[in-house]
Amino acid sequence: MQAMIDSLARLPGVGPKSAQRIAFHLLKSDVEEVKKLTNAIQEARGSVRFCDRCFNFSETTYCHLCTDERRDTSVLCVVEESRDVVALEKTGQFRGRYHVLLGAINPLEGTGPEHLKVRELLLRLEPEGVQEVILCLNPNTEGDVTAMYLARLLKPLGVKVTQLAMGLPVGGDLEYADEVTLGRALMGRREVGE
Amino acid sequence: MIVRSLQLTDFRNYSTLHLALGSGVHALTGDNAQGKTNLVEALVVLSTMKSFRGVANDAVVRKDAASAFLRADIVHDDLREFLVEIELKSAGRSVAQVNRKRVTRTRDLLSVLRTTVFTPDDRNLVHGAASLRRSLLDDAVVSLDPARQDTINELERVLRQRNALLKESGYRPSASTFDALDAWDEKLAAVGDEVGRARAELIQELLPLAQSSYRALVGDECSLLLAYDAPWREAGLACALRESREDDLRRGSSTVGPHRDDMVVSLDDFASRTQGSHGEQHSLGLALRMAVHHLVSQRWGTPPLVVLDDVLSALDNKRASALFERLLSALPYRQVLVTSAHPLPASPRITHWLEVVAGTISSCTQDEQ
Ligand SMILES: [Zn+2]
């Protein structure tokens, strides 16, 4: 029982108290219901993986966005997590492709650039004919610094580097911005360092 | 701006307190450890969401209680009314509400309630560590423009991250560490320059007010000067960081920047930190806080709530009485709270007499105290 509570408490957004509540709830639930949940988790975890190209969640080697021929390959939007792809897709304003870094630079948590999908990003530029990279990282300290790091790498390669227009709530996550605000920030993007 | 009533539940040694306050000067007397400073602390929490004692929530929640509740009824000069409510949970996040609407930023509370708290520690302001003077400046910057809280917080965050990177990279940093450090330096330079500019502007504005405040306290003419000591500002932080990089890597921490700055206080060309007498240093400490109070009063068009917490206790009757009169005649105020373990000087300024005994507060007359 304690092992279950400990595991639950490690989930994002679940504190020790909520973990205890969920655990008690599961113990009181129907055995079949619990089986359904554990099966669903296992199946999803077993079948979903990262896209080999953009590192978005995918059930196949390449995700549906990378295989969609109608998407513009010359514009690449760099985000921290798959959930940011979901947020940006909801705006309906972006028709290019994505690249998911799987995190942001965060020395306090031991995450350096070498732990992110940075090398993989650089390797995509030439073969895919990328002309513009939009840095679409979370509007917080770590997101800003990751964007600065990437801009320093990308600019000398002759690719246009842009970032979202101001107006997103500072200190938060991209996913908390509403679609209209995010869409507007995307349309009003400007070149880094201009 | 006036706090009309204050309610505390399970906060420090108060199980329940309901205190009505008015405009004017409130004298709050009682023996030590009865709850005088706890009351002051509650007011500061209501204004900034955090304790000036710098402690975690479980230290302020009364023993065996899960949460402490603080509530203040505030009326502004334009007659707008505000209800500020804060729940401090001994485990978990605190919750703050203004007029029943959840708020998450200090700025939302600061625009409702501002306080100026004088404490016995003010005597260390001049001769103590530079961090005390940086806090005075940064707190003032935020009181004057609450949006700057984000900048001050970000500076702290950037420094913690940069120091973590410096520490882990050790003696043989990799190429990617250098690249990451470039990015952190770019960020630190941007945030640091902003903090430096805000402090420099503030000191300019504080100077004439500190001079007049000091004159009001000690009575005689002397040339009080304030100077911002931030050597990196000459060439800018980006440049200073480039120059100090080797040093920073060797030491595993950030050796230049706003977190190392100081404000030099001097009197008649002598640095007061090292050469001033105790009495001078104390008066200067008070004058600095008075200057901030003046500036905040001007900026918002109304004076913050003034608290003199135990400031008079160390003085004999005559000097306590003189300091009390000088402070209150030099400060703009609408509401004042004076706490003391000793009887306070009989002053016609005092409009309310209160006595605290073991976490309960009652009205009393001047003779009873
Ligand atoms: Zn993909």
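**A few points about the overall build of chain B**
Helices and strands together make up the secondary structure of chain B, namely 11 helices and 15 strands. On C-alpha atoms alone, chain B measures out to a radius of gyration of 22 Å, which is about the 21 Å that the 2.2 N^0.38 rule sets for 369 residues. Based on the C-alpha atoms only, the size of chain B along its principal axes is roughly 75 × 55 × 35 Å. Looking at the 369 residues of chain B, the share that counts as buried comes to 39%. A sequence separation of at least 24 residues applies to 71% of the contacts in chain B between residues at least 6 apart.

**Here's the deal with the packing of helix H5 (residues 130-144) of chain B against helix H7 (residues 175-218) of chain B**
Residues and elements named next belong to chain B. Close contact between H5 and H7 brings their axes to 10 Å; oriented N to C, the two are set at 90°. The angle between H5 and H7 places the two elements in the roughly perpendicular class. Where H5 abuts H7, its residues Leu-137, Ala-140 and Val-141 lie against Ala-198, Arg-199 and Leu-202. Taken together, the residues of the contact of H5 with H7 break down into five nonpolar, no polar and one charged.

**What to know about the domain arrangement of chain A**
Splitting chain A by domain gives domain 1 (2-47) and domain 2 (57-191). Computed over C-alpha atoms only, the centres of domain 1 of chain A and domain 2 of chain A are separated by 32 Å.

**Quick notes on the packing of helix H5 (residues 82-91) of chain A against helix H8 (residues 179-187) of chain A**
Residue and element names in this part refer to chain A. Close contact between H5 and H8 brings their axes to 8 Å; oriented N to C, the two are set at 85°. Overall, the two elements H5 and H8 adopt an arrangement that is roughly perpendicular. Two secondary-structure elements touch here, H5 through Ala-87, Leu-88, Lys-90 and Thr-91 and H8 through Glu-179, Leu-182, Gly-183 and Leu-186.

**Here we look at the environment of Arg-71 of chain B**
Within the fold, Arg-71 of chain B resides in strand S4 (residues 67-75). Excluding residues that lie within four positions of it along the chain, Arg-71 of chain B makes contacts with Gln-7 and Glu-85 of chain B.

**Quick look at the sheet that holds strand S5 (residues 132-135) of chain A**
Residue and element names in this part refer to chain A. Taken together, five strands build an open sheet; the order of strands is S4-S3-S5-S6-S7 and the sheet is mixed. Each having just a single partner strand, strand S4 (96-100) and strand S7 (190-191) make up the two edges of the open sheet. With two bridges joining them, strand S6 (residues 160-163) and S7 adopt antiparallel strand pairing. Paired with Thr-162 across the bridge in S7 is Glu-191. Sheet contacts for helix H7 (residues 141-154): strand S3 (72-79), S5 and S6; angle to S5, the most-contacted strand, approximately 165°.

**Quick look at the interface of chain A and chain B**
On the side of chain B, 18 residues touch chain A, which itself brings 15 residues to the contact. By residue class, the composition of the side of chain A that touches chain B is eight nonpolar, four polar and three charged.

**Looking at the domain arrangement of chain B**
Residues and elements named next belong to chain B. When its domains are assigned, chain B resolves into domain 1 (1-114 + 304-369) and domain 2 (124-302). One C-alpha centre belongs to domain 1, the other to domain 2, and the line joining them spans 29 Å. Residue-level contacts link 15 residues of domain 1 with 13 residues of domain 2. Those elements that place two or more of their residues in the side of domain 1 that touches domain 2 are helix H3 (106-110) and helix H11 (317-330). In terms of residue count, H3 provides more of the side of domain 1 that touches domain 2 than any other element does, three residues in total. For the side of domain 1 that touches domain 2, the class distribution of residues is seven nonpolar, two polar and six charged.

**Points about the sheet that holds strand S1 (residues 2-11) of chain B**
Residue and element names in this part refer to chain B. Taken together, six strands build an open sheet; the order of strands is S2-S1-S4-S5-S6-S7 and the sheet is antiparallel. Each of the sheet's edge strands pairs with one partner strand only, and the pair in question is strand S2 (14-20) and strand S7 (101-103). For this sheet, the mean inter-axis angle between neighbouring strands, taken without regard to orientation, is 20°.

**Here we look at the nonpolar core**
Cys-77, Val-78, Leu-135 and Cys-136 of chain A together with Ala-42, Leu-46 and Val-307 of chain B are the most contacted members of the largest nonpolar core, which totals 131 residues. Of all the elements, H7 of chain B adds the most residues to this core, at 13 residues.

**Brief notes about the pairing of S6 of chain A**
All names here are of chain A. Of the two faces of S6, the one holding Val-161 and Gln-163 is buried and the one holding Lys-160 and Thr-162 is not buried anywhere. Alignment of S5 against S6, held across four bridges, turns out to be parallel. Paired with Val-133 across the bridge in S6 is Val-161. In this view, the connection linking S5 to its parallel neighbour S6 by way of H7 has right-handed handedness.

Criteria and cut-off values
- Residues numbered from 1 in each chain as written.
- Chains lettered and ligands numbered in written order.
- Predicted model: local features only at pLDDT ≥ 70, side-chain atom pairs only at ≥ 80, totals over all residues.
- Helix = DSSP H or I, 4+ residues; strand = E, 2+ residues; numbered from the N terminus.
- Rg over C-alpha atoms; globule rule 2.2 N^0.38 Å.
- Buried ≥ 20, exposed ≤ 12 C-beta atoms within 10 Å, placed from the backbone.
- Contact = placed C-beta atoms within 7 Å.
- Axes fitted to C-alpha atoms, helices over the stretch in contact; angles between N-to-C directions.
- Parallel < 35°, antiparallel > 145°, perpendicular 65-115°, else oblique.
- Nonpolar A, V, L, I, M, F, W, Y, C, P; charged D, E, K, R; others polar.
- Domains from an automatic or database assignment.
- Pairing = 2+ DSSP bridges.
- Core = buried A, V, L, I, M, F, W, Y, C linked by C-beta atoms within 7 Å.
- Right-handed = clockwise from strand over helix to strand, strands pointing away.

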